[in-house]
Amino acid sequence: MSNTRIWDALSKTDPKHTKPFKRAGGFSGTATKPIWLIKRLTEQFGPAGSGWGMTKPEFEVVVAGDEILVFCTVGLWYSDGAVADNMVYGVGGDKVQGKNKYGPFTNDEAFKASYTDALSNAMKQIGMGADIHMGLFEDEKYVRETGREFANGNGAAPAYVGLFGGAAHTGTAPASGCWLWFAPLAGGGLTVTNTTAQ
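The structure reproduced in this document is the subject of the present report. Note that this is a predicted model, so its numbers are computed, not measured.

1. Focus: the overall build of the protein chain
The helix and strand inventory of the protein chain stands at five helices and 11 strands. For the protein chain, with 198 residues in total, the buried portion stands at 34%. Considering only contacts within the protein chain whose residues lie at least 6 apart along the sequence, 50% involve residues at least 24 apart. Total accessible area on the protein chain is roughly 11,500 Å²; 56% of this is exposed by carbon and sulfur atoms.

In structure tokens:
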């Protein structure tokens, strides 16, 4: 079984579910719609609460001069075949109160934004949206090709296919059985990348 099987399944991002952003100081990047990330986890592991989920978020409020900051830490757990409740963590933050060129401001969405940020940062640990964080979205050719893959249905997560007496089952690998790991090809079709007996 490949050590990067989950990373490979989640690393590509559908460009139509992203948008560019700019922050103060000239920093710019690509943001992914949080609900699409949740959909990707559901495709890979099953429904939230059974195949994957999160711990109760922990918040910390920090006063820094004229600003009030909030930081959130959350654990993301997921079940991968025979191994249940793998756990990774993420930290996010936002400003509850601060100043901009228009004067003082308050942000009543800060706690929610810091939680969303923490959860998406936890998802990075298992490869979610890795192509963005590795700078691949700076290549227009890559973005076009990836967009075509998702449009053609080839950007979906690879699946386990188990063979039991000639019957096939697709989805997350169960606790036992002989499995073939299939990955989608850019031009369509599947290729066997690994085999495993559990």
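2. Focus: a nonpolar patch on the surface
Nonpolar side chains collect at one region of the surface, where Trp 7, Met 134 and Leu 136 lie side by side and expose about 300 Å² of accessible area between them. Since its relative accessible area comes to 35%, Leu 136 is described here as partly exposed.

3. With respect to the pattern of salt bridges
For side chains of opposite charge, pairing can occur when their charged atoms come near one another. A complete count under the given rule lists seven salt bridges for this structure. A salt bridge links Lys 99 to Asp 66; the shortest N-O distance between them is 3.7 Å. Placement of the pair is Lys 99 in strand β6 (residues 83-100) and Asp 66 in the loop between β4 (58-64) and β5 (67-80), with a sequence separation of 33 residues. You'll find Lys 99 and Asp 66 in the same group, each marked exposed. Several salt bridges share partner residues, and in doing so they unite Lys 39, Arg 40 and Glu 43 into one network.

4. Looking at the environment of Glu 149
Tracing the chain through its elements places Glu 149 in helix α5 (residues 140-151). Assessed through its relative accessible area of 12%, Glu 149 is described here as buried. C-alpha of Glu 149 to C-alpha of Asp 14: the two residues are 135 residues apart in sequence and 8.5 Å apart in space. A distance of 2.8 Å separates polar atoms of two side chains, one belonging to Glu 149 and the other to Lys 12.

5. Quick word on the side chain of Ser 11
Note that Ser 11 resides in the loop between α1 (5-10) and β1 (18-22). When its relative accessible area of 15% is taken as the criterion, Ser 11 is described as buried. Once you skip the residues sitting within four places of it in the chain, Ser 11 turns out to touch Gly 127, Gly 129, Ala 130 and Asp 131.

6. Concerning the nonpolar core
In terms of nonpolar packing, the biggest core is built from 19 residues, with Leu 10, Leu 41, Phe 45, Leu 76, Met 123 and Ile 126 touching the most fellow members. Residue assignment for this core shows that the elements contributing at least two residues are α1, α2 (34-45), β5 and α3 (110-124). Setting aside chain neighbours within four positions, we find Met 123 in contact with Leu 37, Ile 38, Leu 41, Leu 76 and Met 128.

7. Here we look at the packing of aromatic side chains
The final tally for this structure, using the stated rule, is four aromatic pairs. Between the aromatic rings of Phe 59 and Phe 111, the centroid separation amounts to 5.2 Å while the plane-to-plane angle is 55°, which identifies the pairing as tilted. Taken together, the residues Phe 59 in strand β4 and Phe 111 in helix α3 connect sequence positions 52 residues apart. Exposure remark for Phe 111: the relative accessible area of 37% places this residue in the partly exposed category. Aromatic pair Phe 137 and Tyr 142: ring centres 6.1 Å apart, planes at 65°, arrangement edge-to-face. One exposure class covers both Phe 137 and Tyr 142, and it is buried.

8. Some thoughts on the environment of Gly 90
The topology assignment puts Gly 90 in strand β6. On the basis of relative accessibility, which here comes to 3%, the residue Gly 90 falls in the buried class. For the pair Gly 90 and Met 123, spaced 33 residues apart in sequence, the C-alpha separation works out to 7.7 Å. Ignoring sequence-local partners within four residues, the contact set of Gly 90 consists of Cys 72, Thr 73, Val 74, Ala 118, Asn 121 and Ala 122.

Rules used in this analysis
- Residues numbered from 1 in each chain as written.
- Predicted model: local features only at pLDDT ≥ 70, side-chain atom pairs only at ≥ 80, totals over all residues.
- Heavy atoms only, no water.
- Helix = DSSP H or I, 4+ residues; strand = E, 2+ residues; numbered from the N terminus.
- Buried < 20%, exposed > 50% of the residue type's maximum accessible area, 1.4 Å probe, protein only.
- Contact = heavy atoms within 4.5 Å.
- Areas by Shrake-Rupley, 256 points an atom, 1.4 Å probe, with all protein chains shown as cover.
- Patch = residues over 30% accessible without salt bridge, like charges linked within 9 Å, V, L, I, M, F, W, Y side chains within 5 Å.
- Salt bridge = Lys/Arg side-chain N within 4 Å of Asp/Glu carboxyl O.
- Polar contact = N/O pair within 3.5 Å; in protein donor to acceptor, adjacent residues only side chain to side chain.
- Core = buried A, V, L, I, M, F, W, Y, C linked by side-chain atoms within 4.5 Å.
- Phe/Tyr/Trp six-rings, centres within 6.5 Å; stacked < 30°, edge-to-face > 60°.

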